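A closer look at the structure
Listed here are the chains, written in short residue letters.
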Amino acid sequence: MASSLTVIFIFAILWAILNVIYKQKNDKYKYVDKSNNDYINEDTKNDNIKLKTYYGIFGILRTSLGLKTIEIVGKYKIWQKISILLIPICIIISMATFYMLIDSTLQLFNGTVPKESSKPVIFLFGDMIPWIPGIVALIIGITFHEMAHGIVARSFNMNIKNTGLLLVLGMPLGAFVEIGDEFKDASKKVKGAIAAAGPMINVIIFFIAILITLYVSGITTPLTITTIMDDHPAYGKLMEGDVICSIAGKSINSLSDFHNAVKDIEPNEKITISVLRDNQIKTIELTTSEDGKIGIIAEPSKNLIFILQTLYWTSMLNLMLGFFNLLPALPLDGFHVWNALPELIRDIKGNSKITEKISKYIEYIINERNLSSVSLMVWMIIFTSMAYSFI
């Protein structure tokens, strides 16, 4: 696996090439209206992709790609009702996320959790998160997150100007869907519905990835022993490179078979393990440890490892992305979701007097001014924790 520095270096080279290409195109601007200093780029006026860079490091890649999909899917008004129903679910998740943020911060300063847990995700790439599976998972997460925003906004008849990526040295760290000015004039409930769509699609992707992982774990694959742990029953009996055929009489043809076989093993139990070694079947007898361990690490084929890593980080990063975006802080989605709550309650049962009264009381607590104060607190906690993690 390439080191972090190698991958960053490759991205930096690609980023430099992109900058040169777009700089050459921008140098071909021609005056259209000298009084207003308006330009037209003869080569790029019909381009579907446009890049704008800042300080040579940051970039915004705008594109019309995906707009057709948003237009087709977003024409169905059912997304309006679904997204509005998602608001209370998002609020529950937001409360849980806010609690976890406070709790993890206290544990961080108490020393009960490692500092690495508060580092930005990008700093975990290469060491904890494999680069390629991690980037694939991140792209899936941010793409579907923003597409969901766009689809719901379109279902409310809003114009979608373009989509795009936020880049740092060419690495995708975020995405966006640029919605027309109609969003500014929309009701709080509509804004909340649009905001709820993004995080919830990430949560849905989390569950889909888990289900696919369960299926993939049942795919037939050889399981090869890659590590024999010292001072464990397998030490001196099994060898690295052995292909497991059976454990305790149970055939091993997949990861699921392996997990099902080892979970039933008791402490200090005498078992037999059949392995393929040098094209011959060897049957080994051993007694498990006091905690029921054999002391081996077995892996499937490299292709299956890559698929499982991609699925795992797709599930984890989407869960993190969805939950994080539901924190009640600008510019995160959670701000608009919480701000929609009073109006959502007011509209229950056709604007009844009871719900309208409850809505007014809630609005004294949940309003843009108070949520802005909460935003400052949330970001202060996040940045303080991040800074402390590097000390």
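Note that the structure is predicted; figures quoted are calculated from it, not measured. In every chain, residue numbers begin from 1 and rise along the written sequence. Predicted model: local features are reported for residues with pLDDT of at least 70 only, side-chain atom pairs are reported and counted for 80 or more only, and whole-chain, interface and lining totals are derived from all residues. Excluded from the side-chain calculation are hydrogens and water; included are all heavy atoms of the structure.

**Observations regarding unusual backbone geometry**
The condition is simple: Strands here are runs of E lasting at least two residues and helices are runs of H or I lasting at least four, both read from the DSSP assignment and numbered beginning at the N terminus. For the exposure calls, accessible area comes from a 1.4 Å probe over protein chains only, and a residue counts as buried if that area is under 20% of its type's maximum, exposed if over 50%, partly exposed in between.
The amide bond that connects Leu 330 to the next residue, Pro 331, takes the cis arrangement and shows omega of 0°. The residue Pro 331 is located in the loop between α8 (302–324) and α9 (333–339) in this model. Of note in the backbone geometry, Asp 231 takes a positive phi value of approximately 60° without being a glycine. With respect to the secondary-structure elements, Asp 231 resides in the loop between β7 (224–228) and β8 (243–247). Judged by relative accessible area, which is 77%, Asp 231 ranks as exposed. Located in the positive-phi region is Asn 268, a residue other than glycine, with phi close to 55°.

**Quick notes on the side chain of Ser 375**
The following threshold applies: Contacts are assigned to residue pairs with any non-hydrogen atoms lying within 4.5 Å of each other.
Here Ser 375 lies in helix α12 (residues 368–389). Judged by relative accessible area, Ser 375 falls into the buried class, the value being 5%. With residues near it in sequence (within four places) discarded, Ser 375 still touches Pro 328, Ala 329, Leu 330 and Phe 335.

**Quick word on the packing of aromatic side chains**
Note the following rule: Think of it this way: a Phe, Tyr or Trp ring, Trp meaning its six-membered ring, pairs with another when their centres are within 6.5 Å, and the plane angle makes it stacked under 30 degrees, edge-to-face over 60, tilted otherwise. Geometrically, a lysine NZ or arginine CZ counts as sitting over a ring once it is within 6 Å of the ring centre and also within 35 degrees of the ring normal.
Evaluated as defined, the whole model comprises five aromatic pairs. Summarising the aromatic geometry, the rings of Phe 206 and Phe 207 are spaced 5.0 Å apart at their centres and angled 70° between planes, so their arrangement reads as edge-to-face. According to the relative accessible area criterion, Phe 206 is buried, its value standing at 14%. Each ring, one from Phe 324 and one from Trp 379, has its centre 6.1 Å from the other, and the planes form 70°; the classification is edge-to-face. Pair noted here: Phe 324 is in helix α8 and Trp 379 is in helix α12, with a separation of 55 residues, a long-range link. Feature note: the residues Phe 324, Trp 379 and Phe 383 constitute an aromatic cluster, connected by ring pairs. Taking NZ or CZ as reference, Lys 191 lies 5.6 Å from the ring centre of Phe 183, over its face.

**Details of the pairing of strand β10 (residues 270–277)**
Here is the rule we go by: The rule for pairing is simple: two strands pair if DSSP sees at least two bridges between them.
Strand direction decides the pairing type here: β8 and β10, joined by four bridges, are antiparallel. Directly across from Ile 244, in β10, lies its bridge partner Val 275. The sheet contact formed by β10 and strand β11 (residues 280–287) spans eight bridges and is antiparallel. Bridge assignment links Val 275 to a residue of β11, and that residue is Lys 282. The hairpin formed by β10 and β11 contains two residues between the paired strands, and Asp 278 there has a positive phi angle of roughly 55°.

**Some thoughts on the pattern of salt bridges**
Here is the rule we go by: By definition, a salt bridge exists where a carboxyl oxygen of Asp or Glu is found within 4 Å of a side-chain nitrogen of Lys or Arg.
As enumerated under the stated definition, the model contains four salt bridges in all. The partner of Arg 154 in a salt bridge is Glu 71, with the nearest N and O atoms 2.8 Å apart. Remark: Glu 71 occurs in helix α2 (residues 67–73) and Arg 154 occurs in helix α4 (residues 131–155); sequence separation between them is 83 residues. Residues Asp 264 and Lys 250 are paired through a salt bridge, measuring 2.8 Å at the closest nitrogen-oxygen approach. Note that Asp 264 is positioned in the loop between α7 (255–263) and β10 and Lys 250 in strand β9 (residues 250–251), a separation of 14 residues in sequence. Overall, Asp 264 belongs to the partly exposed group, its relative accessible area being 40%. Classification of Lys 250 as partly exposed rests on a relative accessible area of 36%.

**Looking at the packing of helix α3 (residues 78–110) against helix α6 (residues 188–216)**
Under the convention used in this document: Every axis in this analysis is a line fitted to C-alpha atoms, fitted for helices over the stretch in contact. Angles between the N-to-C directions lie between 0 and 180 degrees. Each angle is binned into one of four classes, with values under 35 degrees roughly parallel, values over 145 roughly antiparallel, values of 65 to 115 roughly perpendicular, and all other values oblique. Here a crossing is taken to be left-handed if its near helix is turned anticlockwise relative to the far helix by less than a right angle, and right-handed if that turn runs clockwise. Side-chain classes are defined by residue name, with Ala, Val, Leu, Ile, Met, Phe, Trp, Tyr, Cys and Pro counting as nonpolar, Asp, Glu, Lys and Arg as charged, and the others, Gly among them, as polar.
Relative to each other, α3 and α6 sit at 65°, their axes nearing to 8 Å. On the basis of the axis angle, α3 is roughly perpendicular to α6. Of the two elements, α3 crosses α6, and the hand of that crossing is left-handed. When α3 is examined against α6, the residues Ser 83, Ile 84, Leu 86, Ile 87, Ile 89, Cys 90 and Ile 93 are found in contact with a partner set consisting of Lys 189, Gly 192, Ala 193, Ala 196 and Met 200. Of the residues in the contact of α3 with α6, the class split is nine nonpolar, two polar and one charged.

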